[in-house]
Amino acid sequence: MNWATLEKVQPIASKILTNSVKKNRIAHAYLIQGLRGTGKLEIATLLTQTIFCPNKQGVEPCGVCQVCKRVESKNHPDVHWIEKDGQSIKNEQIDYLRKEFSYSSLESTRKIYIIDDAQTLTNQAANRLLKFLEEPLIETTAILLTDNVQAIIPTIRSRCQLIDLKPLDTEVLQEKMMEANLSKQQSRLMSAITYNIDEAIELSENETYQEIINISVGMIETIINDYDKRYIYLHQNWLSKITDRTETDYGLELLLLGFKDILYMQLGKKESLVFFNHTDQILRSGVEHFSKAKLLKIMSELLQTKQKLKQNVNPTLLMEQFVLQL
Ligand SMILES: [Zn+2]
């Protein structure tokens, strides 16, 4: 990614950041907020390359020199990446960062640290980070990345320049996916699942994930046409293939999109379909079969099931509960 390509998808973020480079006014701390797939890590990498690259053309880093490559592979001695350790970013990680930064830099006078998933900082770690933000030892730029800015303590937020990434426009996204050789139908579905083109390509080429789509269609079909067999279908088809948390979450997301499509079709919004084709028989049966209230109830249960999945409840148990209470 470079600034020119970023400008097309995130014009505001791109403008703020390139202006600060042009005017040589890099902030002490940035807080980049955006949903999964909006390119937070890529932007942090690009900004860091821009600051360090010796062969910049205007604001664009060359992308090929030793420095750019070391930044990209997370091996640059003056760039520190902090990622969550298990569920959170812990005290020791911030202590380590402070220690590292107390040694003077050999390659440059500036150091950058990038904290991914900053919303997972424990309270203590956040308070230590706050002290660090207040008393930088050398010229330092902090880049905090998050999908939920509200989960960052206000005292940290107020010390950062907020860069708010917008969700991509669905049509632009679908076009980009089709340019990357996804079919129209794949692009429609993937644009509802991820903003990240690489992830969309990966999912479309992954056989397991393709199979999960079929199993999800089968589940919806069973609920409509063979309601009493839904529990058997779950065990024979779903649970025999979809085992881990990530796959279960993907399956639930597909079910959600499927039921949403049925609701869209009832509302006459054919153009909003992402999971089904408007000619699909299952979609038509679903439109006849469910009341709006029932569809909303199913969708709300799917959301709750997804939430519980995040809280470490066993996926098999969750799926059993879901189909039984339908
Ligand atoms: Zn370079």
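Residues numbered from 1 in each chain as written. Predicted model: local features only at pLDDT ≥ 70, side-chain atom pairs only at ≥ 80, totals over all residues. Heavy atoms only, no water.

Colleague: Please set out the coordination of the zinc ion residue by residue, giving values where relevant.
Modeller: All of the protein donors around the zinc ion are Cys53 (SG), Cys62 (SG), Cys65 (SG) and Cys68 (SG); their distances to the metal are 2.3 to 2.4 Å. Around the zinc ion sit four donor atoms, and with donor-metal-donor angles ranging over 99 to 120° the site reads as tetrahedral. Sequence positions of the donors to the zinc ion reduce to the motif C-x8-C-x2-C-x2-C. Judged by its relative accessible area of 28%, Cys62 is partly exposed. (Donors = N, O, S within 2.8 Å, 3.2 Å for Na, K, Ca; no water. Tetrahedral: all angles 85-135°; square planar, octahedral: opposite > 155°, others 65-115°. Buried < 20%, exposed > 50% of the residue type's maximum accessible area, 1.4 Å probe, protein only.)

Colleague: Pulling in residues and values, what's your account of the pattern of salt bridges?
Modeller: For side chains of opposite charge, pairing can occur when their charged atoms come near one another. Evaluated as defined, the whole model comprises ten salt bridges. Among the ionic pairs, Glu253 bridges to Lys306, the shortest N-O distance being 2.8 Å. Of the two residues, Glu253 is situated in helix α13 (residues 245-266) and Lys306 in helix α15 (residues 292-310); the sequence distance between them amounts to 53 residues. Within this structure, Asp249, Glu253 and Lys306 form a network of salt bridges that share partners. (Salt bridge = Lys/Arg side-chain N within 4 Å of Asp/Glu carboxyl O. Helix = DSSP H or I, 4+ residues; strand = E, 2+ residues; numbered from the N terminus.)

Colleague: I'd like a rundown of the side chain of Asp261, residues and numbers included.
Modeller: Structurally, Asp261 can be placed in helix α13. Look at Asp261: it is buried, it has no salt bridge, and the nearest opposite charge is Arg188 at 6.0 Å. Setting aside its immediate chain neighbours within four residues, Asp261 contacts Ser272, Leu273, Val274, Phe275, Phe276 and Leu283. (Lys, Arg positive; Asp, Glu negative; His and termini not counted. Contact = heavy atoms within 4.5 Å.)

Colleague: Can you tell me about the sheet that holds strand β2 (residues 79-82), naming the residues and giving the values?
Modeller: Taken together, the five strands give an open sheet; going across it, the order is β2-β3-β4-β1-β5, and neighbouring strands pair in parallel fashion. Of all the strands in the sheet, the pair left with one neighbour each is β2 and β5 (161-164). Ignoring strand direction, the axes of neighbouring strands in this sheet form an average angle of 15°. Sheet topology places strand β3 (residues 110-115) next to strand β4 (residues 139-146); six bridges connect them, and they run parallel. Pairing of Lys111 across the sheet is with Thr140, part of β4. Lying on the sheet, helix α2 (residues 11-22) is in contact with β1 (29-33) and β5; it crosses β5 at an angle near 140°. (Pairing = 2+ DSSP bridges. Axes fitted to C-alpha atoms, helices over the stretch in contact; angles between N-to-C directions.)

Colleague: Can you tell me about unusual backbone geometry, naming the residues and giving the values?
Modeller: Within the chain, Lys74 stands out as a residue other than glycine whose phi angle is a positive 60°. By secondary structure assignment, the location of Lys74 is in the loop between α4 (66-72) and β2. Lys74 sits in the partly exposed class, given a relative accessible area of 37%. Phi at Asn181 is positive, roughly 75°, even though this residue is not glycine. With respect to the helices and strands, Asn181 occurs in the loop between α8 (170-179) and α9 (184-193). In this structure Asn181 comes out as exposed when scored by relative accessible area, which is 70%.

Colleague: Go over the domain arrangement of the protein chain, please, and point to the residues and values.
Modeller: Frequently, the measure chosen for interface size is the accessible area removed from exposure when the parts meet. Partitioning the protein chain into domains gives domain 1 (3-164) and domain 2 (206-325). Taken over C-alpha atoms, the centre of domain 1 sits 39 Å from the centre of domain 2. (Domains from an automatic or database assignment.)

Colleague: Report on the nonpolar core, specifying residues and quantitative values.
Modeller: Counting residues in each nonpolar core, the largest one holds 49 residues, and the members touching the most others are Ile220, Trp238, Tyr250, Phe259 and Phe275. Looking at this core element by element, the count peaks at nine residues for α13. Ranked by size, the runner-up nonpolar core spans 29 residues in total, among them Trp3, Phe52, Val59 and Val67. (Core = buried A, V, L, I, M, F, W, Y, C linked by side-chain atoms within 4.5 Å.)

Colleague: I'd like to hear about the packing of α13 against helix α16 (residues 315-325), residue by residue, with values.
Modeller: Where α13 contacts α16, the axes come no closer than 10 Å and their chain directions differ by 20°. Compared by their axis directions, α13 and α16 come out roughly parallel. The segment α13 lies against α16, with Arg245, Thr248, Leu252 and Leu255 engaging Pro315, Met319 and Phe322. (Parallel < 35°, antiparallel > 145°, perpendicular 65-115°, else oblique.)

Colleague: Kindly report on a negative patch on the surface, identifying the contributing residues and their values.
Modeller: Together, Glu42, Asp198, Glu202 and Glu205 give the surface a local cluster of negative charge. The element that contributes the greatest number of residues to the negative patch is helix α10 (residues 197-205), accounting for three residues. Relative to the assigned elements, Glu42 resides in helix α3 (residues 40-52). Since its relative accessible area comes to 34%, Glu42 is described here as partly exposed. (Patch = residues over 30% accessible without salt bridge, like charges linked within 9 Å, V, L, I, M, F, W, Y side chains within 5 Å. Areas by Shrake-Rupley, 256 points an atom, 1.4 Å probe, with all protein chains shown as cover. Charge placed at Lys NZ, Arg CZ, Asp CG, Glu CD.)

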